[in-house]
Amino acid sequence: MPTPNLTVLDHPLVEHKLSLMREKTTETAKFRLLLREISLLLAYEVLRDLKLHDVEIETPMETMVARKLEGKKLCFVSILRAGNGLMEGMLDLVPSARVAHVGMYRDAKTLEPVEYYFKVPEGLEERLCVVVDPMLATGNSAIAGVERIKQAGARDIKFVCLLAAPEGIEAFSKAHPDVPIYTAALDRELNDHAYILPGLGDAGDRMYGTK
Ligand code: URA
């Protein structure tokens, strides 16, 4: 079933770098670097509709009316821990953005998200909140994370991941039909342990070498 609020950002550079990330022989440092590079490319697309306004500036040659970002405040919301890999690259592109951290882990038995940390900047209601989590598998953590920032006031929200499973897309769009989803790839399915197939394994473990 088509999901109207799903965008698959299938740029050749993204696809190439993602293929390198998927390979099991790609080591931790390279994996992290690739994730950072992809996050820049994703941010470029996801933030395409940021508003600009006219400002008068002086070039070395003359005065001109140029355009700069209007200044709608931005907040990147990292779903810990793997969200940090996407968030840091995006922060390189928009260094003035605020950052929120939502700590969620997946209970191994129930697969339900358990919150262990929540810290967000003030004024979420005025900000565009870009929630990042590389793997949209069951969608449980992403759904709970978005729910928490809505409770804290966020209204204008986008969700960005690297890989998504159809199960996660369906659950997320049912829970948050108002939140557009951006992903670099839509994979086939989840396995019995809720890992994405073909996927890339555990994103957090591969980023931090914890396996
Ligand atoms: N989280 C991961 O890191 N990988 C998956 O495949 C699913 C959830």
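This write-up is about the structure you can find in this document. What you see is a predicted model; the values in this text were computed from it and never measured. (Residues numbered from 1 in each chain as written. Predicted model: local features only at pLDDT ≥ 70, side-chain atom pairs only at ≥ 80, totals over all residues. Heavy atoms only, no water.)

### Some words on the site of the ligand
Basically, it comes down to this: Neighbouring residues are identified by heavy atoms, a residue being near a molecule or strand if any of them is within 4 Å of it. Polar contacts, as counted here, are pairs of nitrogen or oxygen atoms within 3.5 Å of one another; within protein the pair requires one atom able to donate a hydrogen and one able to accept it, and residues that are adjacent in sequence qualify only if both atoms are side-chain atoms. With residues, only the protein chains shown are counted as cover, and all accessible areas are computed by Shrake-Rupley using a 1.4 Å probe.
Taken together, Arg-106, Met-135, Ala-137, Ala-194, Tyr-195, Ile-196, Gly-201, Asp-202 and Ala-203 make up all the residues around the ligand. A distance of 2.8 Å is found between a nitrogen atom of the ligand and a backbone nitrogen or oxygen belonging to Gly-201. Within the backbone of Ala-203, an N or O atom sits 2.8 Å from an oxygen atom of the ligand. Taken by itself the ligand offers 240 Å² of open surface, and the protein chains cover 89% of this.

### Concerning the environment of Lys-17
What counts is decided by this rule: In this description a helix means any DSSP run of H or I spanning at least four residues, a strand means any run of E spanning at least two, and both kinds are numbered starting from the N terminus. Every residue pair with non-hydrogen atoms within 4.5 Å of one another is taken to be in contact.
Inspection of the secondary structure assignment puts Lys-17 in helix α1 (residues 12-22). Between the C-alpha atoms of Lys-17 and Leu-34, which are 17 residues apart in sequence, the distance is 6.2 Å. In contact with Lys-17, other than residues within four places in its own chain, are Leu-34, Glu-37, Ile-38 and Leu-41.

### Quick word on the pattern of salt bridges
Just so we agree on the cut-off: One side-chain nitrogen of Lys or Arg within 4 Å of one carboxyl oxygen of Asp or Glu is enough to make a salt bridge. The cut-offs for exposure are 20% and 50% of the maximum accessible area for each residue type, with area from a 1.4 Å probe on protein chains only; residues under the lower value are buried, those over the upper are exposed, and the others partly exposed.
In the structure shown here, the tally under the stated rule is 11 salt bridges. The salt bridge involving Arg-22 is made with Asp-187; its shortest N-O contact spans 2.8 Å. You can see Arg-22 sitting in helix α1 and its partner Asp-187 sitting in the loop between β10 (181-186) and β11 (189-190), a full 165 residues away along the chain. The exposure class assigned to Asp-187 is buried, which follows from its relative accessible area of 8%.

### Considering the pairing of strand β6 (residues 113-119)
The criterion, for reference: Only strands that DSSP links by at least two bridges are regarded as paired with each other.
Sheet analysis places strand β5 (residues 98-106) next to β6, joined by six bridges and oriented antiparallel. Directly across from Arg-106, in β6, lies its bridge partner Pro-113. Hairpin connection between β5 and β6: a loop of six residues separates the two successive antiparallel strands, and Leu-111 in this loop has a positive phi of roughly 65 degrees.

### Examining helix α5 (residues 166-175)
Heads up, the condition is: Our arc is simply the arc of the directions from the helix axis toward the C-beta atoms.
All buried positions along α5 are accounted for by Gly-168, Ile-169, Phe-172 and Ser-173. The arc enclosing the buried residues of α5, seen along the axis, measures out at 115 degrees, which places them on a common side. Exposed and facing more than 90 degrees away from the buried side of α5 are Glu-170 and Lys-174. Buried residues along α5 sit in contact with β1 (6-8), β8 (135-136), α4 (140-151), β9 (156-164) and β10.

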